[in-house]
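# Descriptive structure summary
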Amino acid sequence: MLDLFFLKKQGSINMRKSYLIGVGLVVLAGCQSLDTNPYKQGYKNLTVEKDERGAYWEAKKRVNPSYPREAVRLSKNGCVQMVVSINAEGKADGYQIKNSYPEDLFVDSMVNAIAKWEWAPAGHNTEKMPAVQSVYFEFKFEREGKEAKNIAEAKAACEKIAIS
């Protein structure tokens, strides 16, 4: 009888743990700060509508992305080109990856970093017009006594991505 009581109690504890883990995951999923669609109503789309004055927003606080462990393990260089929507408060609120090399290796790191950037309106953006604009970032493997295994390939691929 005591064994049956213990098993019921143990099952109840495991059920509560599972429930709490589930609730925690739902809360974390809701905390993602960037939408994967940067093209929002009312935002000036500088990826399509070129403006001779340039970008509407300039990064005033840049947080460098962390170098992914997998990229360190593989000794890889790479780059990410993304489109970012910046709202009237100077916060990134959406993104879309346009290109990356090697495919997806640096993307998560870049998305996490861009969410922490703070933007200031460019001199001509006196009304703080929300905008969609491109961001490009290169990742270069730097370890004392070691160099990236894909230097030439990364250089060629990233040059193409940077001008696209």
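You'll find the structure just up there.
Since the structure is predicted, the reported quantities are computational estimates derived from the model, not experimental observations. (Residues numbered from 1 in each chain as written. Predicted model: local features only at pLDDT ≥ 70, side-chain atom pairs only at ≥ 80, totals over all residues. Heavy atoms only, no water.)

### Notes on the sheet that holds strand β4 (residues 92-101)
To keep it simple, the criterion reads: When DSSP finds at least two bridges between two strands, those strands are taken to pair. Only DSSP runs of H or I reaching four residues or more are called helices, and only runs of E reaching two or more are called strands; each is numbered from the N terminus. In this description, contact between two residues means that some pair of their heavy atoms is separated by no more than 4.5 Å. An axis is simply a line fitted to the C-alpha atoms; with a helix, the fit covers only the stretch in contact. Between two such axes, the angle follows the N-to-C directions and lies from 0 to 180 degrees.
Reading across from one edge, β1-β6-β3-β4 is the order of the four strands in this open sheet, with mixed pairing throughout. Either end of the sheet is taken by a strand with one partner, and the two such strands are β1 (44-45) and β4. Note: strand β3 (residues 78-86) against β4, eight bridges, orientation antiparallel. If you follow V83 over to β4, its bridge partner there is Q96. Of the strands in this sheet, β3, β4 and β6 (131-139) are in contact with helix α3 (residues 107-114), which crosses β3 at around 35 degrees. Across the sheet, helix α4 (residues 151-163) is in contact with β3, β4 and β6; its angle to β4 comes to roughly 130 degrees.

### A word on the side chain of D51
For clarity, the threshold we go by: Within 3.5 Å is the distance limit for a polar contact, defined as a pair of N or O atoms, with the added protein rule that one can donate a hydrogen and the other accept it, and that residues adjacent in sequence qualify only through two side-chain atoms.
You can see D51 is positioned in the loop between β1 and β2 (57-61). For D51, the side chain forms a polar contact with the side chain of Y56, separated by 2.8 Å.

### Here we look at the packing of aromatic side chains
Keep this limit in mind: Each Phe, Tyr or Trp ring (for Trp, its six-membered ring) is paired with any other whose centre lies within 6.5 Å, and the angle between the two planes then decides the class: stacked below 30 degrees, edge-to-face above 60, tilted in between. Only protein chains enter the accessibility calculation, which uses a 1.4 Å probe; a residue whose area is less than 20% of its type maximum is buried, one above 50% is exposed, and one in between is partly exposed.
With the rule as written, the count across this model stands at six aromatic pairs. On the basis of an interplanar angle of 75 degrees and a centroid distance of 5.5 Å, the ring pair of Y67 and F106 is categorised as edge-to-face. On the criterion of sequence distance, the pair formed by Y67 in the loop between β2 and α2 (69-74) and F106 in the loop between β4 and α3 is long-range, its members being 39 residues apart. Given the relative accessible area of 25%, Y67 is considered partly exposed. Taken together, a centroid distance of 5.4 Å and an interplanar angle of 45 degrees make the contact between W117 and W119 tilted. As far as burial versus exposure is concerned, W117 and W119 are alike and both buried. An aromatic cluster of three or more residues is present, and its members are Y67, F106, F137, F139 and F141.

### Some thoughts on the environment of A120
With respect to the helices and strands, the residue A120 is situated in strand β5 (residues 118-121). When its relative accessible area of 22% is taken as the criterion, A120 is described as partly exposed. Spatially, the C-alpha atom of A120 lies 8.9 Å from that of K61, the residues being 59 residues apart in sequence.

### Focus: unusual backbone geometry
Cis geometry is adopted by the peptide bond preceding P102, which originates at Y101 and carries an omega value of -20 degrees. Mapped onto the elements, P102 comes out in the loop between β4 and α3. Look at S75: it is not a glycine, yet its phi comes out positive at around 55 degrees. Looking at the secondary structure, you find S75 in the loop between α2 and β3. On the basis of relative accessible area, S75 is assigned to the buried category, the value being 1%.

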